[in-house]
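If you want the building blocks of each chain, they are given just below.
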Amino acid sequence: MVFKEKQSFWSWWMVILIVFLLLATLNYEWNDIKDGNFKELSVNPGFWIIAVIIIIFSFIKLKTTINSEGIMIHFFPFLLKSKFIPWSEVAQVSVKDYNPISDYGGWGYRIGRKGKAYNTKGSHGLQLIFKSGSSLLIGTQKKCELNTIISKVNQEILNREYE
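Worth saying up front: this structure is predicted, and the values here are computed from it rather than measured.

A.B. asks: I'd like a rundown of the sheet that holds strand E9 (residues 115-119), residues and numbers included.
C.D. replies: Spatial strand order, E7-E10-E11-E9-E8: five strands in an open sheet with mixed pairing. Each having just a single partner strand, strand E7 (90-97) and strand E8 (108-112) make up the two edges of the open sheet. For this sheet, the mean inter-axis angle between neighbouring strands, taken without regard to orientation, is 20 degrees. Where E9 and strand E11 (residues 135-140) come together, three bridges link them in parallel fashion. Bridge pairing in E11 places Ala117 opposite Leu137. Relative to the sheet, helix H5 (residues 143-157) contacts E7, strand E10 (124-130) and E11, its axis offset from that of E7 by approximately 155 degrees.

A.B. asks: Tell me about the side chain of Gln7, and name the residues and values.
C.D. replies: Following the sequence through the fold, Gln7 ends up in strand E1 (residues 3-7). If we skip the residues at most four places from it in the chain, Gln7 touches Ile60, Lys61, Leu62, Thr120, Gly139, Thr140 and Gln141.

A.B. asks: Just give me the short version of the pairing of strand E5 (residues 70-76), but keep the residues and values in it.
C.D. replies: For a regular strand, side chains alternate in direction, first toward one face of the sheet and then toward the other. Burial analysis of E5 places five of its seven residues in the buried class, which makes it a mostly covered element. Strand direction decides the pairing type here: strand E4 (residues 61-66) and E5, joined by six bridges, are antiparallel. What sits directly across from Lys63, in E5, is His74. Hairpin connection from E4 to E5: three residues lie between these consecutive antiparallel strands. The antiparallel hairpin formed by E5 and strand E6 (residues 83-86) contains six residues in its connecting segment.

A.B. asks: Explain unusual backbone geometry to me, using residue names and the numbers behind them.
C.D. replies: Where the residue is not glycine, phi is negative for most of them; where a peptide bond is considered, it is trans in most cases. Residue Pro77 is bonded to the preceding Phe76 through a cis peptide linkage, with omega at 5 degrees. Tracing the backbone through its elements, the reader meets Pro77 in the loop between E5 and E6.

A.B. asks: Summarise the sheet that holds E5; cite the residues concerned and give the values.
C.D. replies: Strand pairs in the sheet, formed through backbone hydrogen bonds, run parallel or antiparallel to each other. Within the open sheet, the four strands sit side by side as E1-E4-E5-E6. Their pairing is antiparallel. For this open sheet the edge positions go to E1 and E6, each flanked by a neighbour on one side alone. Ignoring which end each strand starts from, the neighbouring axes of this sheet average 10 degrees apart. Helix-sheet contacts for H5 involve E1 and E4, and the interaxial angle to E4 is about 40 degrees.

A.B. asks: Could you give an account of the packing of helix H1 (residues 12-25) against helix H3 (residues 45-59), with specific residues and numbers?
C.D. replies: The description of two packed helices rests on the angle between their axes and on the distance between the axes. Axis separation between H1 and H3 bottoms out at 8 Å; the angle between their running directions is 155 degrees. Taken as axis vectors, H1 and H3 run roughly antiparallel relative to one another. In the packing of H1 onto H3, the handedness of the crossing is left-handed. Across the interface between the two elements, Met14, Ile18, Leu21, Leu22 and Thr25 of H1 pack against Gly46, Phe47, Ile50, Ile54 and Phe57 of H3. Classifying every residue of the contact of H1 with H3 gives eight nonpolar, two polar and no charged.

Rules and cut-offs
Residues numbered from 1 in each chain as written. Predicted model: local features only at pLDDT ≥ 70, side-chain atom pairs only at ≥ 80, totals over all residues. Heavy atoms only, no water. Pairing = 2+ DSSP bridges. Helix = DSSP H or I, 4+ residues; strand = E, 2+ residues; numbered from the N terminus. Axes fitted to C-alpha atoms, helices over the stretch in contact; angles between N-to-C directions. Contact = heavy atoms within 4.5 Å. Buried < 20%, exposed > 50% of the residue type's maximum accessible area, 1.4 Å probe, protein only. Parallel < 35°, antiparallel > 145°, perpendicular 65-115°, else oblique. Left-handed = near helix turned anticlockwise from the far one by under 90°. Nonpolar A, V, L, I, M, F, W, Y, C, P; charged D, E, K, R; others polar.

Dropping the structure here:
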């Protein structure tokens, strides 16, 4: 029983938006470019801001591993060290649909009215409720596969029924 998932913030619409924004920050004359004269091509500060955003977003990764011992989370750069959560600390675990904006205030490392969340995109997640009473949601793009694993965890490890 092993579940592994690696996520990033990138999606097709984000790539299109970034390309559009980069092109919009360039100062150029179309006639010069058609003639092969790139000497007049210059960039403004907005170009460098967007370039830095691209670099930052390229490094953000959410890695989740679930096995019979617990859950390992790595969310660089928000969690500099991997975080291991043993099943012995978990009171309840389920896969749920959620609203990232209203429940947690968006995506990334979030603290919202429903607890902490680590998510990159989408609206499906692994909901953990700890014996201490706190909660954590870990976003997923593999809802069906995660449902299968969590069903096994609830039956075999936590000895509970799972819907």
